[in-house]
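# Coordinate inspection notes
Chain by chain, the residues:
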Amino acid sequence: MFRTTRRAFLRHSTAFAGLGAGTALLHALSPAGALVGDTLPAWRPGELDIHHINTGRGNSALMICPDGTSVMIDAGASNSAVKFLNPARPNDSRRAGQWIGRYAKRQLRPTQNDYLDHVILTHLHPDHLGEVGPTSPRSPSGSYLLTGISDVEEEIHIRHLVDRGYPSYSYPQPPQDPSALNYIAFARSLTARGSSIDRVQVGHIDQLNLRHDANAFPTFSIRMLAGNGEVWTGHGEKSAPHFPANPSAANFPSENMCSIALKVSYGQFTYFTGGDLTCDTNYGRDPWRDIETPVSRACGPVSVATVDHHGYYDAAGPDSVRALRPRVWILQAWHASHPAISTLANLYSTQLYSGERDVFSVGLKDEAALTTARFSDLMKSRDGHVLVRVSAPGDRYQVIILDDTDESDRIKASFGPYIS
């Protein structure tokens, strides 16, 4: 159990304001003895850090693997209908992708690497790769605009990029959205500058491999669970299609349904993230539209899971929650519609799986908190970067909430340790 003095507790008690129910003195200390209010202790070799970055504009996560290999998952920058979005974090003096790039550079300093080893974009939507608009500046490096992931590249170089469509981007049909087309132009420019780009290889565990000392961490792997409706079978690196072979023009899989999903394993620790996978079946008329459930079953139980599609009404279905049954849920929310109260009911349901579970949100908008208060009042945290720090050799982990209003990396709260 963590111990702290009464004086230290009083000194730091104001840091817990707004963290939601369940915060206690037990959580007043963070890793390596750092107190709430202190700067986050740096990543150390052997640890696995998974940062869920809050910009108020979309999804982005940064993984620092045990050998220092870096993996970024998405770099969203949505600006449409700003009145429905959370405040920009840390503020609106820079674009979301710029903040994400700066965050990555800062966290990667202990690795002594000034680049991203891998970036994976789950699907071609603006809140995952960057939205273009009238004020988007032109890149000095190619014929595309700066937003989201292209802004990240201006801050920190990307060595390897994985997406669901390269090189033709023709499945299930060629994209027409300006933001997707801008991303494709960026990706092709990146290859011309020497970076490598691959289409997701569902079932494989070597596409996002350790780049610096893989032999030292044989229990670490990243399994590509799904992409474009292909789902890992659970046998070797084999996958099988879930979508119909020839859907009608009016019945194509949506972009969300084509999201890439992956499972991270490190010793006993496991982590699932699935982009914007959905489970809606059009009132039972199209069972194949539930792609979330077979992917979750292919993954199996995990220590930590992100909530698909920001916790929207069409995700985190009962069968998916029952299959994953994590100890910790992370909700990447940033819009007034994130999450649905029915989704939170599933996450907290002990009928779907027994035992304790904690839910953390990177940014719960006040309107969303009000309409979901029955469950959102139970959340351990409602705002801030959410870091999952896994100790070597993967047997336990903590959840650390970092201040998202500046670049101080100040600890707001720490939870755990949890047993993997």
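This one's a predicted model, so the numbers in the text were calculated from it and none came from an experiment. (Residues numbered from 1 in each chain as written. Predicted model: local features only at pLDDT ≥ 70, side-chain atom pairs only at ≥ 80, totals over all residues. Heavy atoms only, no water.)

### Topic: the overall build of the chain
As a reminder, the rule being used: The way it works is that DSSP assigns letters per residue, a run of H or I at least four long becomes a helix, a run of E at least two long becomes a strand, and they are numbered from the N terminus. Only C-alpha atoms enter the radius of gyration, while the globule expectation follows 2.2 Å times N to the 0.38, with N the number of residues. Any residue under 20% of the maximum accessible area for its type is buried, any over 50% is exposed, and the rest in between are partly exposed; the area is computed with a 1.4 Å probe on protein chains only. Throughout, a residue-residue contact means that at least one pair of heavy atoms, one from each residue, lies within 4.5 Å. We treat Lys and Arg as the positive residues and Asp and Glu as the negative residues; His and chain ends play no part in the count. Every charge is mapped to an atom, namely NZ of Lys, CZ of Arg, CG of Asp or CD of Glu.
The helix and strand inventory of the chain stands at 10 helices and 19 strands. The C-alpha radius of gyration of the chain comes to 20 Å, within 12% of the 22 Å expected for a compact globule of 420 residues. When each of the 420 residues of the chain is scored for burial, the buried share is 60%. Taking the intrachain contacts of the chain between residues at least 6 apart in sequence as the baseline, contacts between residues at least 24 apart amount to 67%. Separation of charge centres in the chain, based on 39 positive and 42 negative side chains, amounts to 4 Å.

### Regarding the packing of aromatic side chains
We apply this condition: Aromatic rings from Phe, Tyr and Trp, taking only the six-membered ring of Trp, are treated as a pair when their centres fall within 6.5 Å; an angle between ring planes under 30 degrees marks them as stacked, one over 60 as edge-to-face, and anything in between as tilted.
In this structure the tally under the stated criterion is 12 aromatic pairs. Note on Tyr 166 and Tyr 169: the rings are 6.3 Å apart at their centroids and 80 degrees apart in plane angle, and the pair reads as edge-to-face. With 6.3 Å between their ring centres and 45 degrees between their planes, Tyr 183 and Phe 186 make a pair best called tilted. Of the two residues, Tyr 183 and Phe 186 are both situated in helix H5 (residues 178-192); the distance of three residues between them amounts to about one turn of the helix.

### Topic: the pattern of salt bridges
Should their charged atoms come close, side chains of opposite charge can pair. Note the following rule: We define a salt bridge as a contact between a side-chain nitrogen of Lys or Arg and a carboxyl oxygen of Asp or Glu at a distance within 4 Å.
This structure, assessed with the given rule, holds 19 salt bridges. Close ionic contact of Lys 365 with Glu 367 constitutes a salt bridge, the shortest N to O distance being 3.9 Å. The partly exposed category is assigned to Glu 367, whose relative accessible area is 43%.

### Focus: the nonpolar core
For clarity, the cut-off: For our purposes a nonpolar core is just a set of buried Ala, Val, Leu, Ile, Met, Phe, Trp, Tyr and Cys residues, chained together by side-chain atoms within 4.5 Å.
Of all hydrophobic cores here, the largest spans 37 residues; its most connected members are Leu 48, Met 63, Ile 120, Phe 220, Phe 269, Val 388 and Val 399. Apart from residues no more than four positions distant in its own chain, Phe 220 is found in contact with Leu 48, Met 63, Cys 65, Pro 66, Leu 210, Val 264, Ser 265 and Tyr 266. In terms of nonpolar packing, the next biggest core, distinct from the first, is built from 36 residues, Ala 34, Trp 43, Leu 124 and Tyr 183 among them.

### Topic: the sheet that holds strand S16 (residues 358-361)
Which entries qualify depends on this criterion: DSSP-based pairing: two strands are paired if at least 2 bridges between them are found. Geometry is summarised by axes, namely lines fitted to C-alpha atoms with helices restricted to the contacting stretch, and by angles between N-to-C directions that run from 0 to 180 degrees.
Taken together, the eight strands give an open sheet; going across it, the order is S11-S10-S9-S12-S13-S14-S15-S16, and neighbouring strands pair in mixed fashion. Single-partner strands in this sheet number two, and they are strand S11 (239-241) and S16. Taking each pair of neighbouring strands and ignoring which way they run, the sheet shows an average axis angle of 20 degrees. The pairing of strand S13 (residues 269-273) with strand S14 (residues 304-306) spans two bridges and is classified as parallel. Bridging across to S14, Tyr 271 finds its partner in Val 304.

### Looking at the state of the cysteines
Using the following cut-off: For the purposes of this analysis, a disulfide is any pair of cysteine sulfur atoms at a distance within 2.5 Å.
Tallied over the entire structure, the rule returns zero disulfides. Cys 258 takes part in no disulfide bond, and the closest cysteine sulfur, belonging to Cys 279, lies 16 Å away. Owing to a relative accessible area of 0%, Cys 258 belongs among the buried residues under this scheme. Cys 279 sits in the buried class, given a relative accessible area of 18%.

### Focus: the environment of Pro 66
Structurally, Pro 66 is set in the loop between strand S2 (60-64) and strand S3 (70-75). Residue classification places Pro 66 among the buried positions, given a relative accessible area of 1%. Those residues in contact with Pro 66 that lie beyond four places of it in its chain are Trp 43, Pro 45, Gly 46, Glu 47, Leu 48, Phe 217, Phe 220 and Tyr 266.

### Some words on the sheet that holds strand S7 (residues 160-163)
The strand order across the open sheet formed by nine strands is S8-S7-S5-S3-S2-S1-S17-S18-S19, and the pairing between neighbours is mixed. Since the sheet does not close on itself, it has two edges, and those belong to strand S8 (196-199) and strand S19 (411-419), each with one partner. In this sheet, neighbouring strand axes are inclined to one another by 15 degrees on average, regardless of whether the strands run parallel or antiparallel. Along the sheet face, helix H2 (residues 96-107) touches strand S1 (48-52), S2, S3, strand S17 (385-390) and strand S18 (396-402) and points at about 15 degrees away from the line of S2.

### Some points on the pairing of S1
Counting buried positions along S1 gives five out of five residues, so the element sits mostly inside the fold. Here S1 shows a buried face lined by Leu 48, Ile 50 and His 52 and a second buried face lined by Asp 49 and His 51. Pairing analysis gives five bridges linking S1 to S17, with the strands arranged antiparallel. Across the sheet, the residue bridging to Leu 48 is Val 390, located in S17.

Geometric descriptors of this kind do not, in isolation, establish any biological role.
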